[in-house]
Amino acid sequence: MSSLRAQAYTVFGLLLALRLVNALSVQTFFQPDEYFQSLEPAWQVAFGNDAGAWITWEWREHLRSSLHPMLFAAVYRSAAQVCDLLQIAEGSRTVILLAAPKIFQACIAATGDFFTWTLASSLFGHASHASFATLAMTAFSPWQFHCSVRTFSNSLETTLTIAALHYWPWQWSLVTKPSKVERSQSNIDLDTTKMVQQLKDFPGPTRDAVTDTSSFSPAPNGLYMALSLAAMACILRPTNIIIWAAIAICLLDRNVDLQKTTTLISSAVLCGGSVLAFTLSLDRAYYGEWVFPPFKFLYFNIVQAVSGFYGHNRVDYYFTEGLPLLLTTTLPFAAIGLWQSLRPCMDCTMLRDYVERQARFVLAVAIIMTVLAMTMISHKEMRFIYPLLPMLHVLAARPVASFFGSVPANRVKLGFFLFLLIINICIAGYVTLVHQRGVIDVMHYLRREQEGRMLGDGSNVTVGFLMPCHSTPWRSHLVYPEIKAWALTCEPPLNLGVDERNRYEDEADVFYNHPATWVDLNLKDRKSVITTNSEAFDPRAGDEARRNWPEYLVFFEHLEPIMSAVLRETRYKECWRTFNTHWHDDGRRRGDVVVWCISRNMAG
């Protein structure tokens with residue numbers, strides 16, 4: 001046992017080191033929710049309403065649980081208190097505030113990797129090739145490297161889900177009513193009493209849960225933990241309930257033990273009720289009133305179909321794009337593992353084989369039901385099926401171990417293995433260091449401009465972002481509330497009918513469809529940035545309904561010809577440019593990130 005514990009500590013330490021390097025090396029942008037559904041509300045909680053955080057409509061409509069941002073608010077507060085206690089300089093304090101949530105998320109990611117490995121070790125054995133294959137797949141997964149260390153609620157949901165699966169009492173799947181096919185084709189004795197006796201030699205949570213060979217009615221060790229973690233995942237992302245509904249169906253469909261069913265239901269009510277009470281209190285403190293975000297989440301996204309405002313995808317999206325991108329080089333192995341897991345246990349010769357087969361079957365059913373259910377929703381993203389990735393890695397473990405088991409002695413397989421590894425590393429490096437890095441770099445540039453002024457004349461940066469909404473992070477990267485910034489918005493039409501909603505244009509749409517008109521209607525008179533008399537321009541004067549002309553305008557290279565025409569007689573000139581991406585599926589976001597500046601004596 002001590003050697004296994006030492007092995008576990010070693011594995012977790014290595015995974016933590018990997019994810020810390022991973023998190024601190026990410027220099028790119030992926031999707032807005034990384035910031036606006038976690039760090040922005042956390043920033044507001046930690047530093048107050050005047051700290052400049054951007055709170056999106058979901059929080060005003062109570063769609064989100066405060067559980068996730070509250071975690072990062074605690075991280076921000078702790079980091080700020082340490083800086084204050086040690087009297088750390090302002091520039092270094094900013095670096096710490098930028099790094100703190102990354103370090104915390106790295107711990108969450110490493111925990112998810114660790115529980116993926118421990119689940120595989122419980123099913124396949126700690127020293128098995130399959131458990132090692134699972135560890136290698138999760139450690140070198142491009143998607144994990146790209147997404148697990150980002151502050152998405154989906155990332156935390158994934159860790160909570162795989163941790164709950166680790167603690168789940170898989171031996172309960174054995175005390176079932178085996179089908180005639182299984183009884184006739186299995187080479188082991190499926191008698192319940194004999195199986196319970198043999199389970200004492202089974203590793204991991206399954207073995208530890210079987211302490212009473214005469215009854216299964218008491219809740220097994222780990223069940224409360226599993227259900228509590230599952231409840232938190234469901235509160236965080238209500239669609240996570242599909243996974244647990246599938247597992248419950250598999251268990252109850254073949255179970256004839258009334259006591260076990262009663263234990264499961266009572267334990268679920270106890271754990272779920274406790275988690276619900278805790279999160280309701282947390283939301284009461286955050287929102288200032290009693291709310292139930294999961295209901296609002298389902299109502300707006302499914303009943304009102306507001307999620308469709310952010311895009312519709314093909315029915316086959318998850319099969320042709322989502323799963324291939326999620327799994328990359330492990331896709332064929334996961335497909336084989338999924339197919340094998342659904343087959344009867346015809347070659348089971350030991351109880352371990354039957355335990356493994358039953359667990360894999362349940363995981364396979366949960367994966368299929370989740371993908372099919374998510375397919376029915378028009379708005380689809382890979383993140384929505386992210387919690388399935390650790391399960392897919394577990395199912396792919398046997399095929400991977402079988403195929404590469406003879407790698408040291410087979411040069412062809414060794415070459416193929418190294419080829420796949422290089423592909424994974426290249427993909428991971430590109431998406432974390434290159435693709436869409438300009439929208440992150442521009443925030444660093446603006447923050448440094450503000451820091452320079454704080455050491456100089458004490459004036460503050462003003463900036464406007466003429467980009468599709470939420471194209472950049474916000475206060476979590478600008479940091480200083482003194483930076484006065486605005487950006488194009490894209491609030492959804494919550495109170496419009498279907499026909500009106502289809503014709504609706506948000507502010508970003510209006511700008512890109514009619515740039516010159518938008519500028520005339522929403523910014524002060526352009527004469528204020530044409531004049532050479534510095535006293536003639538006061539950005540605080542004039543029509544208060546219009547935005548002031550900022551000192552800095554930020555936009556994508558795609559917009560440069562239009563901006564050149566709209567502002568050709570103004571004092572704006574290019575002052576900074578950086579690479580953003582080689583390609584983008586949104587034509588408005590193509591090319592470099594460009595910053596135009598107006599001379600400071602013109603800004604007043």
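Residues numbered from 1 in each chain as written. Predicted model: local features only at pLDDT ≥ 70, side-chain atom pairs only at ≥ 80, totals over all residues. Heavy atoms only, no water.

Per an unreviewed UniProt entry, the chain is named Mannosyltransferase, and its organism is Elasticomyces elasticus. Here the chain is described in UniProt, under the heading Pathway (unreviewed entry), as follows: "Glycolipid biosynthesis; glycosylphosphatidylinositol-anchor biosynthesis." For the chain, the Function (unreviewed entry) comment in UniProt is given as "Mannosyltransferase involved in glycosylphosphatidylinositol-anchor biosynthesis. Transfers the third mannose to Man2-GlcN-acyl-PI during GPI precursor assembly." (UniProt positions renumbered as here; feature names shortened; annotations may be inferred.)

### Considering the state of the cysteines
Applying the stated criterion to the full structure yields 2 disulfides. Two residues, cysteine 469 and cysteine 490, share a disulfide whose sulfurs are 1.9 Å apart. Measuring handedness by torsion sign, the sulfur bridge of cysteine 469 and cysteine 490 sits at about 85° and is right-handed. With cysteine 469 in the loop between strand E1 (462-465) and helix H22 (475-478) and cysteine 490 in the loop between strand E2 (484-487) and helix H23 (498-503), the pair connects residues that are 21 residues apart, well separated along the chain. Of the residues examined, cysteine 490 reaches a relative accessible area of 7% and is grouped as buried. Across the disulfide, cysteine 575 is cross-linked to cysteine 597 (sulfur-sulfur distance 1.7 Å). Since a negative S-S torsion denotes a left-handed disulfide, the cysteine 575-cysteine 597 link at about 45° is right-handed. Taken together, the residues span a long stretch of sequence, with cysteine 575 in strand E4 (residues 573-578) and cysteine 597 in strand E5 (residues 593-597) at a distance of 22 residues. (Disulfide = S-S within 2.5 Å. Helix = DSSP H or I, 4+ residues; strand = E, 2+ residues; numbered from the N terminus. Buried < 20%, exposed > 50% of the residue type's maximum accessible area, 1.4 Å probe, protein only.)

### Considerations on the packing of helix H6 (residues 129-139) against helix H19 (residues 389-404)
Closest axis-to-axis distance for the H6/H19 pair is 8 Å, and the angle between their directions is 120°. For the element pair H6 / H19, the angle class is oblique. The two elements H6 and H19 cross, and the hand of that crossing is right-handed. Across the interface between the two elements, His129, Ala130, Ala133, Thr134, Met137 and Thr138 of H6 pack against His393, Val394, Ala396, Ala397, Arg398, Val400 and Ala401 of H19. Its residues assigned to classes, the contact of H6 with H19 shows 8 nonpolar, 4 polar and 1 charged. (Axes fitted to C-alpha atoms, helices over the stretch in contact; angles between N-to-C directions. Parallel < 35°, antiparallel > 145°, perpendicular 65-115°, else oblique. Left-handed = near helix turned anticlockwise from the far one by under 90°. Contact = heavy atoms within 4.5 Å. Nonpolar A, V, L, I, M, F, W, Y, C, P; charged D, E, K, R; others polar.)

### Description of unusual backbone geometry
In the Ramachandran plot, histidine 470 falls in the positive-phi region, its phi being about 60° despite a non-glycine side chain. Mapped onto the elements of the fold, histidine 470 is located in the loop between E1 and H22. The phi torsion at valine 479 lies on the positive side, around 70°, for a residue other than glycine. Assignment of secondary structure puts valine 479 in the loop between H22 and E2. Assessed through its relative accessible area of 5%, valine 479 is described here as buried.

### A few points about a nonpolar patch on the surface
Among the surface-exposed residues, Phe292, Phe295, Leu298, Tyr299, Ile302 and Val303 lie close enough to one another that they form a single nonpolar patch of about 580 Å² accessible area. Mapped onto the elements, valine 303 comes out in helix H15 (residues 293-303). Judged by relative accessible area, valine 303 falls into the exposed class, the value being 59%. (Patch = residues over 30% accessible without salt bridge, like charges linked within 9 Å, V, L, I, M, F, W, Y side chains within 5 Å. Areas by Shrake-Rupley, 256 points an atom, 1.4 Å probe, with all protein chains shown as cover. Salt bridge = Lys/Arg side-chain N within 4 Å of Asp/Glu carboxyl O.)

### Observations concerning the sheet that holds E2
The strand order across the open sheet built from 5 strands is E2-E1-E3-E5-E4, with neighbouring strands paired in mixed fashion. Both edges of this open sheet fall to E2 and E4, since each of them pairs with a single strand only. For this sheet, the mean angle separating the axes of adjacent strands, direction not counted, is 20°. In this fold helix H21 (residues 438-455) packs onto E1, strand E3 (552-556), E4 and E5, with an angle of close to 170° to the strand it touches most, E3. (Pairing = 2+ DSSP bridges.)

### Examining H15
Within H15, the full set of buried residues consists of Pro293, Pro294, Phe297, Phe300 and Asn301. An end-on view of H15 places all buried positions within 140° of arc, on one side of the element. Residues of H15 that are exposed and angled more than 90 degrees away from the buried face: Phe295, Ile302 and Val303. On the buried face of H15, the contacting elements are helix H3 (57-60), helix H12 (223-236) and helix H14 (258-287). (Arc of directions from axis to C-beta.)

### Notes on the nonpolar core
In this structure, Trp143, Leu165, Trp168, Trp170, Trp244, Ile247 and Leu388 are the most contacted members of the largest nonpolar core, which totals 81 residues. With 10 residues, H19 is the largest single contributor of residues to this core. Setting aside its immediate chain neighbours within four residues, tryptophan 244 contacts Thr161, Ala164, Leu165, Trp168, Ala230 and Cys234. Ranked by size, the runner-up nonpolar core spans 46 residues in total, among them Val45, Leu98, Val461 and Cys597. (Core = buried A, V, L, I, M, F, W, Y, C linked by side-chain atoms within 4.5 Å.)

### Re the packing of aromatic side chains
All chains considered together, the criterion is met by 35 aromatic pairs. When the ring of phenylalanine 30 is compared with that of phenylalanine 152, the centres are 5.7 Å apart and the planes differ by 90°; the resulting orientation is edge-to-face. With phenylalanine 30 in the loop between helix H1 (2-25) and helix H2 (33-47) and phenylalanine 152 in the loop between helix H7 (142-148) and helix H8 (153-167), the pair connects residues that are 122 residues apart, well separated along the chain. Across the pair, exposure class does not vary: phenylalanine 30 and phenylalanine 152 are buried alike. With a centroid separation of 5.3 Å and an interplanar angle of 85°, the aromatic rings of phenylalanine 511 and tryptophan 518 are classed as edge-to-face. Both residues of the pair, phenylalanine 511 and tryptophan 518, count as buried. What links up through ring pairs into an aromatic cluster is the set Phe12, Phe114, Phe115, Trp117 and Tyr167. The ring centre of phenylalanine 403 lies 4.9 Å from the NZ or CZ of lysine 413, which sits over that ring. One residue, arginine 588, lies across the ring of tyrosine 512, its end atom 5.2 Å from the ring centre. (Phe/Tyr/Trp six-rings, centres within 6.5 Å; stacked < 30°, edge-to-face > 60°. Lys NZ or Arg CZ within 6 Å of the ring centre and 35° of its normal.)

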